[in-house]
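# Report on the structure
Spelled out, the chains give:
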Amino acid sequence: MSDTHLPKRARELPAPLLAELAQADVVFHAGDWVDTATLDLLEARCRRLVGVYGNNDGPDLRARLPEVAYADLGGVRFGVIHETGPRQGREQRCAARFPDLDVLVFGHSHIPWDTTAPTGLRLLNPGSPTDRRAQPHCTYMTATVAEGLLSDVELHRLPPRPRR
């Protein structure tokens, strides 16, 4: 997930996403948490959390999270970062910056993204589970890592939230 922006964009994380946490071996958050309560919640509920701070995260979150995080999961090398710059040239720019990664999870735009750079680097943006902006749905992603391969990457669309 990325760009949760709590409690400004929503009061809480959506129930379907919270239900997924118990099933996940690892949860990634690509920044813009906005409040430390969300970080505390995920640290308490997740077996393993890999997160970074985003441009909307203040000193408390920046003191607890890195700008870039790395994880080797089942032989797949992951990186997490909040912002990757403009859409145009993203694959080449990220492949040059992260030549040793297999997958880069990023956020910032709130726009779901799943592409592969010519070098083989897979770029994934899960969108936002709480702030769809111009997208038709709030979203998050799940994937499977097994035997050194990433598979079953799925973008989950969340039902609309009731109006406040």
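Throughout, residues of each chain are indexed from 1 in the direction in which the sequence is written. Reporting in this predicted model follows two pLDDT cut-offs: at least 70 for local features of residues, and 80 or more for side-chain atom pairs to be given and counted; totals over whole chains, interfaces and linings ignore these cut-offs and use all residues. Only hydrogens and water are set aside when side-chain values are computed; all heavy atoms of the structure are taken into account.

Glancing now at the overall build of the chain. For the purposes of this entry, the term helix denotes a DSSP run of H or I that reaches at least four residues, the term strand denotes a run of E that reaches at least two, and both are numbered from the N terminus. Within the chain, the regular secondary structure consists of four helices and nine strands. Secondary structure of the chain in N-to-C order comes out as α-β-α-β-α-β-β-α-β-β-β-β-β. By its C-alpha atoms, the chain is 45 × 30 × 30 Å across when sized along the principal axes. Working definition: with a 1.4 Å probe on protein chains only, accessible area under 20% of the residue-type maximum means buried, over 50% means exposed, and in between means partly exposed. Counting across all 164 residues of the chain, residues that qualify as buried make up 46%. Carbon together with sulfur atoms contributes 49% to the accessible area of the chain, which is approximately 8,600 Å² in total. His is not counted, nor are the chain ends, whereas Lys and Arg count as positive and Asp and Glu as negative. For the purpose of locating charges, the reference atoms are NZ of Lys, CZ of Arg, CG of Asp and CD of Glu. Averaging the coordinates of the 20 positive side-chain charges in the chain and doing the same for the 21 negative ones gives two points 8 Å apart. Accessible surface area values rest on a Shrake-Rupley calculation with a 1.4 Å probe, where residue burial reflects the displayed protein chains alone.

Attention now goes to unusual backbone geometry. The peptide bond linking Leu 6 to Pro 7 adopts the cis configuration, its omega dihedral lying at 0°. On the secondary structure map, Pro 7 appears in the segment before helix H1 (15-21). Positioned with a positive phi, Asp 152 is a non-glycine residue whose angle comes to about 55°. In this fold, Asp 152 is placed in strand S9 (residues 149-157). Judged by relative accessible area, Asp 152 falls into the exposed class, the value being 55%.

What follows covers the sheet that holds strand S6 (residues 113-116). Being paired, for any two strands, means DSSP has found at least two bridges between them. Spatial strand order, S3-S4-S5-S7-S6: five strands in an open sheet with mixed pairing. What marks the edges here is a single partner per strand, and that holds for strand S3 (68-73) and S6. Each strand axis lies, on average, 15° off the axis of its neighbour in the sheet, ignoring direction. Across six bridges, the pairing between S3 and strand S4 (residues 76-81) is antiparallel. Residue pairing for S4: Val 68 is matched across the bridge by Ile 81. Whether two residues are in contact is decided by their heavy atoms, any of which lying within 4.5 Å being enough. Here, axes are lines fitted to C-alpha atoms. For helices the fit covers the stretch in contact, and angles between N-to-C directions go from 0 to 180 degrees. Sitting on the sheet, helix H4 (residues 90-97) is in contact with S3, S4, strand S5 (103-105), S6 and strand S7 (122-125), with an inclination near 70° to S6.

Let us now look at the nonpolar core. Counting 18 residues, the largest nonpolar core has Met 1, Leu 21, Val 27, Trp 33, Leu 42 and Leu 65 as the members making the most contacts within it. Elements with a minimum of two residues in this core: H1 and helix H2 (36-45). The contacts of Val 27, once residues within four sequence positions are left out, are Met 1, Leu 21, Cys 46, Arg 48, Leu 49 and Val 50. Note on terminology: a nonpolar core comprises buried Ala, Val, Leu, Ile, Met, Phe, Trp, Tyr and Cys residues joined through side-chain atoms within 4.5 Å.

Further remarks concern H4. Turning to H4, its buried residues number three or more, namely Arg 90, Glu 91, Cys 94 and Ala 95. Looking down the long axis of H4, one finds its buried residues gathered within 120° of arc, a one-sided arrangement. By arc we mean the arc of the directions from the helix axis to the C-beta atoms, nothing more.

A separate point is the environment of Asn 125. Residue placement: Asn 125 occurs in strand S7. Expressed as a C-alpha distance, the spacing of Asn 125 and Gly 74, which sit 51 residues apart in the sequence, is 21 Å. Identification of polar contacts relies on pairs of N or O atoms within 3.5 Å, with a donor-acceptor requirement for protein atoms, meaning one able to donate a hydrogen and the other able to accept it, and with residues adjacent in sequence counted only if both atoms are side-chain atoms. Among the polar contacts listed, one links the side chain of Asn 125 to the backbone oxygen of Gly 107, at a separation of 3.2 Å. Among the polar contacts listed, one links the side chain of Asn 125 to the backbone oxygen of Ile 111, at a separation of 3.4 Å.

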